[in-house]
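Remarks on the overall topology
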Amino acid sequence: FENLRLTAVPHRNKVERLKLAWQIEELALSLMEDAETLPKKSYYHGTGVTTLERALLYRDGLALLIMIRRPFRIKNFASISIGKQLFLDEGTGTLSFPASEMKTKRSIEAPLPDHVVIALHRYITHYRPLLLTPSGKAKHIKTNALWISRDGTELAEGSLHNVFRRR
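Residues numbered from 1 in each chain as written. Predicted model: local features only at pLDDT ≥ 70, side-chain atom pairs only at ≥ 80, totals over all residues. Heavy atoms only, no water.

The end-to-end C-alpha separation of helix α3 (residues 21-37) is 24 Å, in line with the 24 Å expected for 17 residues at 1.5 Å each. What α3 keeps buried is the set Glu25, Ala28, Leu31, Met32 and Ala35. Here the buried residues of α3 occupy an arc of 120° about the axis, which is enough to place them on one side. Opposite the buried face of α3, by more than 90 degrees, sit the exposed residues Trp22, Glu26, Glu33 and Thr37. Tucked inside the fold, the buried residues of α3 contact α4 (51-69) and α6 (114-131). (Helix = DSSP H or I, 4+ residues; strand = E, 2+ residues; numbered from the N terminus. Expected span 1.5 Å × (residues − 1). Buried < 20%, exposed > 50% of the residue type's maximum accessible area, 1.4 Å probe, protein only. Arc of directions from axis to C-beta. Contact = heavy atoms within 4.5 Å.)

See the structure below:
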């Protein structure tokens, strides 16, 4: 069996798929810019994006941007709530996790870069409310969760993982 392991070649080369941090940040900023600038959906011409697609583009870009700047475990990242782990003031922002929520059992407080804080304000004031629009699955559910699904519910850890993988 040892000879087989030495000569085995992986079916898929993961190294080729790896992206550098600056490439991921560039993608994140591009998604957020697309959300702001792409034309409104024209069903006649089959072009543009809907309001929901616009909100999802911005959410996905922002999630990538924060994750590349402040890499936390997906479980912690998915659990971010406004006012509990995310604190925004005028021009500043901090992610803060108590020791009880961390795998290492040590609290972490991480300030956010200025451009991330600006993007968070835009998401929270404009795009997050669009995602919270009541649907069949989420009828007027009040939540402080930062990440909201297309159905208006809290974005599950697995779904957030899929966002990263897909993008």
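What follows covers the pattern of salt bridges. All told, the structure shown has six salt bridges when counted by the stated rule. Close ionic contact of aspartate 60 with arginine 167 constitutes a salt bridge, the shortest N to O distance being 2.9 Å. Highlighted residues: aspartate 60 in helix α4 and arginine 167 in the segment after α7 (157-166), separated in sequence by 107 residues. Each of Arg59, Asp60, Arg166 and Arg167 takes part in salt bridges that share partners, so that together they form one network. (Salt bridge = Lys/Arg side-chain N within 4 Å of Asp/Glu carboxyl O.)

Mapped onto the elements of the fold, tyrosine 58 is located in helix α4. In sequence terms tyrosine 58 and glutamate 33 are 25 residues apart; their C-alpha atoms lie 7.8 Å from each other. Residue contacts for tyrosine 58: discarding those within four places in its chain leaves Met32, Ala35, Glu36, Ala119, Arg122, Tyr123 and Tyr127.

The next subject is the sheet that holds strand β2 (residues 93-97). Spatial ordering of the open sheet is given by β1-β2-β3, a layout of three strands whose pairing is antiparallel. Each of the sheet's edge strands pairs with one partner strand only, and the pair in question is β1 (86-88) and β3 (108-111). Geometrically, the sheet is characterised by an average inter-axis angle of 20° between neighbouring strands, direction not taken into account. Across four bridges, the pairing between β2 and β3 is antiparallel. By the bridge assignment for β3, leucine 95 is matched with alanine 110. α6 rests against β1 and β2 of the sheet, and its axis sits at about 100° to β1. (Pairing = 2+ DSSP bridges. Axes fitted to C-alpha atoms, helices over the stretch in contact; angles between N-to-C directions.)

Counting 38 residues, the largest nonpolar core has Phe77, Tyr123 and Trp147 as the members making the most contacts within it. Secondary structure elements with two or more residues in this core: α3, α4, α5 (74-78), β2, α6 and α7. Excluding residues within four positions of it along the chain, phenylalanine 77 makes contact with Ala63, Ile66, Met67, Trp147, Leu160 and Phe164. (Core = buried A, V, L, I, M, F, W, Y, C linked by side-chain atoms within 4.5 Å.)

It is worth spelling out the packing of aromatic side chains at this point. For any pair of aromatic rings, the description consists of the separation of the ring centres together with the inter-plane angle of the planes. Summed over the entire model, instances satisfying the criterion amount to five aromatic pairs. Aromatic pair phenylalanine 77 and tryptophan 147: ring centres 5.4 Å apart, planes at 25°, arrangement stacked. You can see phenylalanine 77 sitting in helix α5 and its partner tryptophan 147 sitting in the loop between α6 and α7, a full 70 residues away along the chain. Taken as a pair, phenylalanine 77 and tryptophan 147 share a single burial class, namely buried. (Phe/Tyr/Trp six-rings, centres within 6.5 Å; stacked < 30°, edge-to-face > 60°.)

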